[in-house]
Amino acid sequence: PLINAAWNFAYSSLWNCTQFSTKEIETGKEKIAEYFRLVKSPTKAFSIFCQRVLLARYYVSKNPARYIPLPSVWLDRKNENGFAGTRAWYHEIRTVRESLPNYKNELKAMAEAVLEFSEEPTVQNYQYWRKYFIEKETPGLLNLFQVVAIQQLCNN
């Protein structure tokens, strides 16, 4: 379930308007599974994974010439220009959080929302997180959460 939730989040965040072959989806999920196999705490790794995906999303959105390649390429841990390259960005955020604990807290919140909704796709969970993102005035994250929730419901 964690791999499917991570795939759903990455797909919705980075490739939402692209249709992939079954083989590409399976390869993407295998790359995510590989990432989770290398960690002690898969739940913590899920949060970090989602935050790193969001950092890549922000990076690409700042310049129309930037793009994210196929999931099989981007998620390959040997590809320093893919997911692996977001590691340094995440470490910078973690370093700042040592002094400012709420720094870019919305990234953590999104990861928590996605995990919670994937585990319990209830109306209450949806409404809670929808209200949260509205109150935090993060319309981009609200929109993304809604897309992820719909994908979650339709793929189950």
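See the structure printed just above.
Residues numbered from 1 in each chain as written. Predicted model: local features only at pLDDT ≥ 70, side-chain atom pairs only at ≥ 80, totals over all residues. Heavy atoms only, no water.

A. Representation of the packing of aromatic side chains in the model. Taken as a whole and assessed by the stated rule, the structure comprises 21 aromatic pairs. Between Tyr11 and Phe20 the ring centres are 6.0 Å apart and the planes differ by 75 degrees, which places this aromatic pair in the edge-to-face class. Both residues of the pair, Tyr11 and Phe20, belong to the buried class. Between Trp15 and Phe20, the aromatic rings sit 6.0 Å apart at their centres with planes inclined by 75 degrees, giving edge-to-face as the arrangement. Among the residues examined, Trp15 registers a relative accessible area of 4% and is labelled buried. Here Phe20 falls in the buried class, since its relative accessible area comes to 16%. (Phe/Tyr/Trp six-rings, centres within 6.5 Å; stacked < 30°, edge-to-face > 60°. Buried < 20%, exposed > 50% of the residue type's maximum accessible area, 1.4 Å probe, protein only.)

B. Structural context of helix α2 (residues 22–37). Look at α2: 22 Å from first C-alpha to last across 16 residues, which is about the 22 Å you get at 1.5 Å a residue. For α2, the full list of buried residues reads Glu24, Thr27, Gly28, Ile32, Ala33, Tyr35 and Phe36. On the buried face of α2, the contacting elements are α1 (2–14), α3 (42–61) and α4 (71–74). (Helix = DSSP H or I, 4+ residues; strand = E, 2+ residues; numbered from the N terminus. Expected span 1.5 Å × (residues − 1). Contact = heavy atoms within 4.5 Å.)

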